[in-house]
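Here is what each chain is made of, one letter per residue.
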Amino acid sequence: MAEENFSDIGRVEAIARLYEGTPFHPAENLQFETGGKASVASASRMLLEGIDFNLVYFPLKHLGYKAVIAVTGELYAALARPRLLSVRLGLSAKLDLAQVREIWTGIVAAAKEHGYGNVDLDLGPSQNGLSISISAVGETAFLTSKSRPRPQSKDLLCVSGNLGGAFFGLQVLEREMRRFDADGTQPQLEKYRMMVGSYLKPELPAGIVAQLEETEIFPSSACLVTRGLADAVKRIARATGLGAKVYADKIPFEGNSFDLGRELDIDPVSAAMNGGEDYRLLLAVPILKLEKFRHDFQTFDIIGHLALPEAGTVLVSPDGLEHPLKAQGWKD
C-alpha cells in the first residue's frame, strides 16, 4: 500500500502518526521541574539541505540521529543532562510521510539513547528542500556547577574520539558521487566505512555527565568540536582567558586517515584542525586528576593542555615548533 501524502491526511494527523510506537507524545507545553537544585542549559541548530547535508547520499534516519547529536553535545559540554527536545521540519513537496518517518526514527533513536524525557515535533512547508530546526534543553545540578574548578594553566585538553574522520568521510562521499554522475561507477565505500560513518552518524558517549559526577572529575571548561579542533581550542581559550597548546602527534585519527590523505592530497592534521563535523567533546581536565581520568575515561585522548595567556593558542609539531592556530570565523 502506497504511503499517504500530507495533503491526504493533514499536518496534525501526520504528526500523530509519527509519534505512534515511540515513548514520546505530542505536548502543548514542554517543561520540567528542577526542584531548585539545578540550572538550565539550552542549545539549538539549523540544518539546511544543500548546505549541511546532501540527500543523494545521506540516509534520512542517520540525518535525524545526527541532528539530535548536534545539540546534545552542546548540553554535555555544559555538563547538562538532556531533558527536552524540540524539532521543526521544513518539508518540500518531494518528501512523503514514509521519508519523514525515517528522519523521525533517527531522532527518536538518539533521543532515547541520550535520555530525553520529552520530544516536541512540528511540520511546515519549505520551498527550498528539507530544513531541520532543532533545540534542546538540559539541566546542570547546582552541586556540579559549584564543583567545576577554576581553569588553570596545565589543565589537560582531552578529546572523546578520533578527529578529521568526518571531513574525510564527506570527501569520500562527494568523490564517489562525482564518479557515479560521470560514468555510472558504483560507489566504493567499504575501505573507508569508518570515516563515512563518522560523518553520517557521529556518536557521543551517552551518560558522560553522570560518569563525570560519579568520578568527581569536573572539567574546568568544555566544548563540542563541530568546526574543527582549532575552533574548539580557541573557544576554550577565550572562555578561560588562557592560552592552549595542542600536540600534533597526540591527535587521534581513524586508521586509514593517512592513506586517504595521500589519495586526496589532504593533510590529516589539517583535516582534524579545520575539517569540522566531528562532534567530539573537548574537556579541560585538572592535571591532578590525570591518573583517575586515564583509568575511568579510556576512550578519551589527551592532546594538549591550557597554558599561560601569553602562549596564545598553538599547534606544536613533532619537532617542537609552535604554529599559531587559525580557524574559520576567527580574526587572527
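Cut-offs used in this document
Residues numbered from 1 in each chain as written. Predicted model: local features only at pLDDT ≥ 70, side-chain atom pairs only at ≥ 80, totals over all residues. Heavy atoms only, no water. Axes fitted to C-alpha atoms, helices over the stretch in contact; angles between N-to-C directions. Helix = DSSP H or I, 4+ residues; strand = E, 2+ residues; numbered from the N terminus. Parallel < 35°, antiparallel > 145°, perpendicular 65-115°, else oblique. Left-handed = near helix turned anticlockwise from the far one by under 90°. Contact = heavy atoms within 4.5 Å. Nonpolar A, V, L, I, M, F, W, Y, C, P; charged D, E, K, R; others polar. Phe/Tyr/Trp six-rings, centres within 6.5 Å; stacked < 30°, edge-to-face > 60°. Buried < 20%, exposed > 50% of the residue type's maximum accessible area, 1.4 Å probe, protein only. Lys NZ or Arg CZ within 6 Å of the ring centre and 35° of its normal.

Novice: Help me out: how do you make sense of the packing of helix 3 (residues 60-77) against helix 4 (residues 97-113) in this one?
Specialist: Following both chains from N to C, one finds helix 3 and helix 4 inclined at 40°, their axes separated by 7 Å at the closest point. It follows from the interaxial angle that helix 3 and helix 4 lie oblique. Of the two elements, helix 3 crosses helix 4, and the hand of that crossing is right-handed. Seen from helix 3, the contacting residues are Leu60, Lys61, Gly64, Tyr65 and Val68; seen from helix 4, they are Gln99, Glu102, Ile103, Thr105, Gly106, Ile107, Ala109, Ala110, Ala111 and Glu113. Split into classes, the residues belonging to the contact of helix 3 with helix 4 amount to eight nonpolar, four polar and three charged.

Novice: Can you help me understand the packing of helix 6 (residues 165-183) against helix 7 (residues 193-200) in this one?
Specialist: Relative placement of two packed helices is described by the angle separating their axes and the distance separating the axes. Orientation of helix 6 relative to helix 7, taken along the N-to-C sense of each, is 105°, at an axis distance of 7 Å. In terms of orientation, helix 6 lies roughly perpendicular with respect to helix 7. Here Gly165, Ala166, Phe168, Gly169, Leu170, Val172 and Leu173 of helix 6 lie close against helix 7, whose contacting residues are Met195, Val196, Ser198, Tyr199 and Leu200. Taken together, the residues of the contact of helix 6 with helix 7 sort by class into nine nonpolar, three polar and no charged.

Novice: Quick question: what am I supposed to make of the packing of aromatic side chains here?
Specialist: Counting across every chain of the model gives seven aromatic pairs. For the pair Phe293 and Phe300, a centre-to-centre distance of 5.5 Å together with 70° between the ring planes defines the contact as edge-to-face. Accessibility classification places Phe293 together with Phe300 in one group, the buried group. Every member of this aromatic cluster is reached through a ring pair, and the members are Phe293, Phe297 and Phe300. Cation over ring: Lys66 sits above Tyr199, and NZ or CZ is 3.9 Å from the ring centre. Lys201 extends its terminal NZ or CZ atom over the ring of Tyr65, reaching a point 4.1 Å from the ring centre.

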